[in-house]
Every structure is written in C-alpha cells, then in structure tokens.
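Examination of the molecular architecture
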Amino acid sequence: MANKRPVVKAEARNEFGKGAARRLRREWKVPGVIYGPNTDPIHFAVPLLEIETLIRYNGVNAVLELEIDGEQHLTMVKQIEQNVLTLDIDHIDLLSIRRGEKVEVEVPVMLEGEPAPGMMSVQDADVLLVEADVLNIPEEITVSIEGLENGTVVTAADLTMPEDTTLVADGETVIVSISEPEVDEELEEAAAEAEEGGADAGADSEDEGASEGEEKKDEE
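Note that residues are indexed from 1 along each chain, following the sequence as it is written. At least 70 in pLDDT is required for a residue's local features to be given in this predicted model, at least 80 for side-chain atom pairs to be given and counted, and no such filter applies to totals for whole chains, interfaces and linings, which use all residues. For the side-chain quantities, the full set of heavy atoms in the structure was used; hydrogens and water were omitted.

Structural notes on the nonpolar core
As used in this record, nonpolar core signifies buried Ala, Val, Leu, Ile, Met, Phe, Trp, Tyr and Cys residues forming a set joined through side-chain atoms within 4.5 Å. Working definition: with a 1.4 Å probe on protein chains only, accessible area under 20% of the residue-type maximum means buried, over 50% means exposed, and in between means partly exposed. Counting residues in each nonpolar core, the largest one holds 30 residues, and the members touching the most others are Met76, Leu128, Ile137, Leu159 and Ile175. No other element matches strand E7 (residues 102-112), which puts four residues into this core. Sequence-distant contacts of leucine 128, that is, excluding residues within four places in its chain, are made with Val105, Glu106, Val107, Val109, Ile141, Ala156, Leu159, Met161, Leu167, Ala169 and Ile175. Counting 18 residues, the second-largest nonpolar core is a separate cluster that includes Ala10, Ala62, Ile89 and Leu94. Only DSSP runs of H or I reaching four residues or more are called helices, and only runs of E reaching two or more are called strands; each is numbered from the N terminus. Any pair of residues with heavy atoms lying within 4.5 Å of one another is described as a contacting pair.

Okay, structure coming up:
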C-alpha cells in the first residue's frame, strides 16, 4: 500500500435509527461509526460513491483518514454491510488505529500459474488471517501452483508471508490441493454404451440396405 493515505470528508451524525439511516441513503450517503480502544464511538455519514470508490481501489482492509469537522481520524475499514439487492454499502464500521500498531486482518489468497498437465487445483481457503503493520497490510497473498503434481497439498505454513506480516491462522490450514480430475464411471459407461449402440445401429442399417439391394436385383 502507498504511504499516503486517502482522505475522505464526512459529516458528524446526530440522528440514529432506521428512519435516519433511510434518509441518509436517499441522499446517497452511508451511515457509519468509528470505534476502537482509543476512542469513544464517533458516528458519521459519508458520500456513498466516494467510499465505494475508495474500497474498490484500496481493498476491504483499506486504511484512510476520515475528516470530520476539520479533524482527521486514522482508521481502517473493519466491516461493511451491503444491500442484498443493489449491493450498495448500507453501513460501514471503521476501526480507529495508530501508526506503528499491528492488527489482525483477513487477506485474500490468490493462486498463480497452472499445475502439471492433466491436473486440477482445488482452492480450500480464499482468505488467510494474518497480523500486519496497520499501515502496511498486504493487499493479497500469492501462492504459486506452477507445475505441481498429483497429491500435492499446500498449507498455510508453506506460504512465504509478505514483509512485516506474520501468520495467525492455523499452519495446517489447507490452501490448495492438486489432484487428477475425477471421472464419473456411470457417465463413461453410458457414453460407451451409446457409442456401441450407434455403431450397431449403423451396421444394421448397412445390412438392411444390402438386403434391399439384393431383393431389387432378384425382382429385375
């Protein structure tokens, strides 16, 4: 992540409840709250498009300076509630943080490369819990599966953590496994029977054609 943090301007929120939240959303604003061990809860409203754009480009663990009434608060996105129909953000929780502290966050796991020819990969974990410097949270953790053979299992303990990041999740957590594609024996047998049946039908058709030709010659 870049050292320069995005600054988002918000307004203090003094009205609460579902009615107040609906009014804010009609104005294309998102209600939210800042909380943490170092501060009392601070309720705010932020422009919907601005906060959605920030998360789109900075990820779900985005760190930002939230400016309320001229005062900036260093925060990290902690939880997002989305509308099930529109997928717009309905509410956002921000965690108050301090420079130099470490936080536990879930980081996306991305696969790179292709396994050995004829093999398939199954990803069992798409996020991993780690501890990282709050201003240097990795956007993702990459796992190379290039050329891996049948039976290979990659666990969390096998991964190389980014700088200033330590694994919190169980080291035995399976990230990805490599195996041969399963063959459905019933489907294979049905396909073979269908192919055999088609061949038999073709042979019968040829026999019938030959017989009809011979009968025609006899009539002549």
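A short note on the pattern of salt bridges
A carboxyl oxygen of Asp or Glu within 4 Å of a side-chain nitrogen of Lys or Arg is what we treat as a salt bridge. This structure, assessed with the given rule, holds five salt bridges. The partner of glutamate 15 in a salt bridge is arginine 23, and the shortest N-O contact between them spans 3.4 Å. By relative accessible area, arginine 23 is classed as partly exposed at 40%. Ionic contacts of the salt-bridge type, sharing partners, join the residues Glu11, Glu27 and Lys29 into one network.

Some thoughts on helix H2 (residues 48-58)
Among the residues of H2, those classed as buried are Leu48, Ile51, Glu52, Leu54 and Ile55. One face of H2 carries all of its buried residues, which in axial projection span an arc of 155°. More than 90 degrees from the buried face of H2, the exposed residues found are Leu49, Arg56 and Tyr57. Summarising the contacts, the buried residues of H2 are in contact with strand E1 (7-12), strand E2 (29-36), strand E3 (39-47), strand E4 (63-68), strand E5 (71-82) and strand E6 (89-96). Among the residues trailing H2, glycine 59 stands out with phi positive, at a value near 90°. This arc describes the spread of directions from the helix axis toward the C-beta atoms.

Here's the deal with the sheet that holds E1
At least two DSSP bridges between two strands are needed for those strands to be called paired. Spatially, E1-E3-E2-E6-E5-E4 is the arrangement adopted by the six strands of the closed barrel, whose pairing is mixed. The sheet shows a mean angle of 45° between the axes of neighbouring strands, direction not considered. Two strands pair when backbone bridges link them, and E5 and E6 are joined in this way by seven bridges, in the antiparallel orientation. By the bridge assignment, glutamine 79 is partnered in E6 with aspartate 93. Angular values range over 0 to 180 degrees, each being the angle between N-to-C directions of two axes fitted as lines to C-alpha atoms, with helices fitted over their stretch in contact. Contacting E2, E3 and E6, helix H1 (residues 18-26) crosses the sheet at an angle of about 125° to E2.

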